[in-house]
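Commentary on secondary and tertiary structure
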Amino acid sequence: MNPPLVFPSVDLRPILPMLVIALTAGVVLVLDLLPPRERKDHLGFVSALGVVAALIVTYWMTFSAGGGELRGFRGMVVLDAYALFFNIVIGYAAGLVLLLSMDYIRREGQESGEFYILVLLAALGMMLMAAAGDLIIVFLGLETMSISLYVLAGFFRTRVEAGEASMKYLLIGAFASGFFLYGIALIFGAAGTTNLDRIANAVAAGAGRDPLLVIGLGLLLVGFGFKISSVPFHMWAPDVYEGAPTSVTAFIATGSKAAAFAALLRVLLTAVRGIPVDWPMVLWSIAALSMTVGNVVALAQQNLKRMLAYSSIAHVGYMLVGVVAGGAFGNGSVLFYLLAYTFTTAGAFGAILLLERAGQEAVRLDDFGGLAARHPLLAVALSVFLLSLVGIPPTAGFVGKFYLFGAAVKSGYVWLAVVGVLNSAVAAYYYLRLIVYMYMREPEGAPTVLAPSFSGALALAVALWGVVQLGVAPGPLFDLAQAAVVPLLR
């Protein structure tokens, strides 16, 4: 008689928010095969509900678990306060993108169930990166996210620029993944493991002096640099942002950056903190270059998507200021700024996405001349998002920069804070220039019209609420962000 099958006990609680997203993707995949075949609104609605459910689960686990952590799959997945905070950021990014996309992809004649499935799978990869306790899981999440975004970038198949964006993103992304994987191999050769906690133990035992581990960390930083689009690894960003569907551009600018920073900070704070290399000074240089190059090149842009692409490179520089500052204050500031940046950037791209001129998306600076006279509410909303990107109070962007630069000064990196403040002054020119066009320029040529979209308007309202809420009452979420990073610093 054959013995009965015994299945191993698997604790699924560490992947519960990810399970909600994965199950939602599976449900949408099945619903896509069923009637009605000509419209896909219900798929976007189901996808958005799934993201809301994942956010509810995340909030419940954040405030009911008492700050404890859950480990699963032999410590390869870690659901702690840090991962839960990033789940909130990624959840808001995915939800806003889904709302912005519902009417947008139908208006562009590209409505398809695969779009929503790919957005959900990309969000799944992002959450996996945030909860990774092993370099292999970081890579698995990275590729799950990246492959979905490569396809989404070229989703508008009839546009030449979309195909170009997808191809460039794929080639440079594959190049970055090669660096990343080679770095993992070298670290494994030096430490004998890919688990982050065991790597930390190996570094404490003397492996930190092994050149293999130092070179491996350098290659990991190159891979992360490509994913967050920091200088000098930013070359792909302007073309991809310009050619991809605008809602996808918003997702690349927000969710993928949050996921990459989540993995980067966990690796730096958990695995290689004791390595005898002055990596803060390396990041100091990258932060200063990213802020300066991003803002200076953005000054010359007439296409708003390219302008926001270079702006995002500059904002990566601001976030790296917090990484350089370190400690609970500095790293907590990075987490808070990522949440503020998600609301602000998704809102800015959403406002652009709702406008058309002569049957095309209104993405040129001239398209926004006199917009305030024709669509005053949209002009006000876009102005708030732009002022937040500048860092004008009482918006979330101001509070985020105040925390980041304050952390730099507190940690002794005064000149880096000075560089950041000067760059914010430079950035004010090209952000305020768009506001001037909306309020003080007369429209020329064909009128810019507002494409009606209830889901798009809802997304803008949520983003506007986030920007104002984090600007007026930042305390609770900043405390949550600081509490999330404290366990990683022990």
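A brief structural summary. Owing to the predicted nature of the structure, the values given are computational and were not obtained by experimental measurement. (Residues numbered from 1 in each chain as written. Predicted model: local features only at pLDDT ≥ 70, side-chain atom pairs only at ≥ 80, totals over all residues. Heavy atoms only, no water.)

Quick word on the layout of surface pockets
Over the atoms, a rolling probe the size of a water molecule traces out where space has been left empty. Space inside the largest pocket adds up to approximately 270 Å³. Lining the largest pocket we find 16 residues, and of these Ala48, Val52, Gly95, Leu99 and Leu458 sit closest to its centre. Contributing elements (two or more residues each) for the lining of the largest pocket: helix H2 (41-64), helix H3 (81-107) and helix H18 (454-472). Of the residues that constitute the lining of the largest pocket, the class distribution is 13 nonpolar, three polar and no charged. (1 Å grid on protein atoms, 1.4 Å probe; cavity = no way out; pocket = protein on both sides within 12 Å on 5 of 7 lines; lining within 4 Å. Points joined across faces, edges and corners; volume = space filled by probe spheres on them. Helix = DSSP H or I, 4+ residues; strand = E, 2+ residues; numbered from the N terminus. Nonpolar A, V, L, I, M, F, W, Y, C, P; charged D, E, K, R; others polar.)

A few points about the nonpolar core
Judged by nonpolar contacts, the single largest core of 187 residues is most densely connected at Phe251, Phe261 and Phe368. For this core, the leading source of residues is H3, giving 19 residues. The residues contacting Phe261, other than those within four sequence positions of it, are Tyr82, Phe86, Ile228, Val316, Met319, Leu320, Val323, Val334 and Leu338. (Core = buried A, V, L, I, M, F, W, Y, C linked by side-chain atoms within 4.5 Å. Buried < 20%, exposed > 50% of the residue type's maximum accessible area, 1.4 Å probe, protein only. Contact = heavy atoms within 4.5 Å.)

Remarks on a nonpolar patch on the surface
On the surface, Val409, Val414, Trp415, Val418 and Leu422 cluster together into a nonpolar patch covering about 500 Å² of accessible area. Per-element accounting of the nonpolar patch gives the leading share, four residues, to helix H17 (residues 414-440). Judged by its relative accessible area of 54%, Leu422 falls in the exposed class. (Patch = residues over 30% accessible without salt bridge, like charges linked within 9 Å, V, L, I, M, F, W, Y side chains within 5 Å. Areas by Shrake-Rupley, 256 points an atom, 1.4 Å probe, with all protein chains shown as cover. Salt bridge = Lys/Arg side-chain N within 4 Å of Asp/Glu carboxyl O.)

Some remarks on the packing of aromatic side chains
Tallying each qualifying case throughout the model produces 26 aromatic pairs. For the pair Phe85 and Phe86, a centre-to-centre distance of 6.5 Å together with 85 degrees between the ring planes defines the contact as edge-to-face. In this pair, the class of Phe85 matches that of Phe86, namely buried. For the pair Phe226 and Phe233, a centre-to-centre distance of 5.2 Å together with 45 degrees between the ring planes defines the contact as tilted. Put simply, the rings of Phe329, Phe336, Phe398, Phe402, Tyr403 and Phe478 pair up and form one aromatic cluster. Looking at Arg157, its charged tip hangs above the ring of Phe155, at a distance of 5.8 Å from the centre. Above the face of the Tyr437 ring, Arg441 is positioned so that its terminal group lies 4.3 Å from the ring centre. (Phe/Tyr/Trp six-rings, centres within 6.5 Å; stacked < 30°, edge-to-face > 60°. Lys NZ or Arg CZ within 6 Å of the ring centre and 35° of its normal.)

Looking at the pattern of salt bridges
What the rule picks out here adds up to 15 salt bridges. Between Lys40 and Asp32 there is a salt bridge, with its nearest N and O atoms 2.9 Å apart. A relative accessible area of 7% means that Lys40 is categorised as buried. Across the pair Arg107 and Glu356 runs a salt bridge, and its minimum N-O distance is 2.8 Å. Taken together, the residues span a long stretch of sequence, with Arg107 in helix H3 and Glu356 in strand E3 (residues 355-357) at a distance of 249 residues. We classify Arg107 as partly exposed; its relative accessible area is 26%. If you follow the salt bridges from partner to partner, you end up with Glu164, Lys168, Asp239, Glu242 and Arg306 in one network.

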